[in-house]
Amino acid sequence: MQQIFERDVLIVLHDVARLLRTRFDQRARARGMTRAQWVILKRLSRQPGMSQNELAGICEVEPISIGRLVDRLEARGLVERRPDPTDRRVNRLHLLPAAQPIVDEITSYRDTLLEEILEGLDERARTALVDALLHIKNKLTSDGFDLPRLKAAGE
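In short, a report on the structure. Fair warning: this is a prediction, and the values are worked out from it, not measured in the lab.

Topic: the nonpolar core
Judged by nonpolar contacts, the single largest core of 24 residues is most densely connected at Trp-38, Ile-40, Leu-41, Leu-44, Leu-78 and Val-79. Mapped onto this core, the elements with two or more residues apiece are helix H2 (9–30), helix H3 (35–46), helix H4 (52–59), helix H5 (63–75), strand S3 (91–95) and helix H6 (100–118). Looking at this core element by element, the count peaks at five residues for H6. Beyond its immediate chain neighbours, meaning those up to four positions away, Ile-40 contacts Leu-55, Ile-66, Leu-69, Val-70 and Leu-73.

A closer look at the pattern of salt bridges
Considering all chains together, one arrives at 13 salt bridges under this definition. Close ionic contact of Arg-31 with Glu-105 constitutes a salt bridge, the shortest N to O distance being 2.5 Å. Within this pair, whereas Arg-31 is found in the loop between H2 and H3, its partner Glu-105 is found in helix H6, the two being separated by 74 residues in sequence. The class for Arg-31 is partly exposed, based on a relative accessible area of 37%.

Some words on the environment of Val-12
Summarising the element assignment, Val-12 is placed in helix H2. The exposure class of Val-12 is partly exposed, given its relative accessible area of 33%. Sequence spacing of Val-12 and Ile-106 is 94 residues, and the spatial spacing of their C-alpha atoms is 25 Å.

Overview of the sheet that holds S3
Read from one edge to the other, the open sheet built from three strands follows the order S1-S3-S2, with strand pairing classed as antiparallel. Either end of the sheet is taken by a strand with one partner, and the two such strands are strand S1 (50–51) and strand S2 (79–83). Bridge count between S2 and S3: five bridges; the pairing is antiparallel. Its bridge partner being in S3, Arg-82 is matched across the sheet by Arg-92. Running over the sheet, H3 touches S1, S2 and S3 and is turned about 95° from S3.

As for the environment of Ala-56
Note that Ala-56 resides in helix H4. Between the alpha carbons of Ala-56 and Lys-137 there is a distance of 20 Å; along the sequence they are 81 residues apart. Once you skip the residues sitting within four places of it in the chain, Ala-56 turns out to touch Val-61, Glu-62, Pro-63 and Ile-66.

Some details on the pairing of S3
Each regular strand carries side chains that alternate between the two faces of the sheet. Looking at chain direction, S1 and S3 are connected through two bridges and run antiparallel. The residue bridging Ser-51 from the neighbouring strand is Arg-92, located in S3.

Some details on H6
Between its first and last C-alpha, H6 extends 27 Å over 19 residues, near the 27 Å set by a 1.5 Å rise per residue. Among all positions in H6, only Ile-102, Val-103, Ile-106, Tyr-109, Leu-113 and Leu-118 are buried. In an axial view of H6, the angular spread of the buried residues amounts to 145°, which keeps them on one side of the axis. Taken together, the buried residues of H6 touch H2, H3, S3 and helix H7 (123–141). Looking one or two places after H6, you find Gly-120, whose phi comes out positive at around 95°.

The rules behind the values
Residues numbered from 1 in each chain as written. Predicted model: local features only at pLDDT ≥ 70, side-chain atom pairs only at ≥ 80, totals over all residues. Heavy atoms only, no water. Core = buried A, V, L, I, M, F, W, Y, C linked by side-chain atoms within 4.5 Å. Buried < 20%, exposed > 50% of the residue type's maximum accessible area, 1.4 Å probe, protein only. Helix = DSSP H or I, 4+ residues; strand = E, 2+ residues; numbered from the N terminus. Contact = heavy atoms within 4.5 Å. Salt bridge = Lys/Arg side-chain N within 4 Å of Asp/Glu carboxyl O. Pairing = 2+ DSSP bridges. Axes fitted to C-alpha atoms, helices over the stretch in contact; angles between N-to-C directions. Expected span 1.5 Å × (residues − 1). Arc of directions from axis to C-beta.

See below:
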């Protein structure tokens with residue numbers, strides 16, 4: 001029975017995602033931060049000027065939660081809110097120079113962890129892995145995904 005669970009793709013995907021989150025939680029916590037704060041810093045390094053609502057959607061949390069996280073990052077001098085030039089109700093988030101060393105550390109840790117976990121897989125296997133994961137992601141995000149059928153099946 002144990003072997004069935006070890007080969008169940010949904011269980012394996014869930015376990016891998018959980019273990020990756022745990023590793024990043026541990027590393028961020030060792031730096032006095034949270035993984036959620038790291039996610040915000042990394043996102044803003046890629047997409048400066050996002051609103052808190054946009055970040056909340058990406059992070060799959062409520063805007064109030066993002067607001068609190070941004071408050072802490074702002075207090076540490078890592079992020080600043082700037083008024084949106086076209087909508088005075090919206091603030092745009094931007095990294096401050098003090099955030100760059102942390103973003104660099106996140107990137108370095110990500111790269112190191114990726115190499116560590118993919119060690120032993122040749123380039124063809126790595127490509128196949130990414131292709132398979134993208135296929136699954138595309139299926140789950142497509143308009144044709146049959147959510148009502150899954151609900152009827154008790155999922």
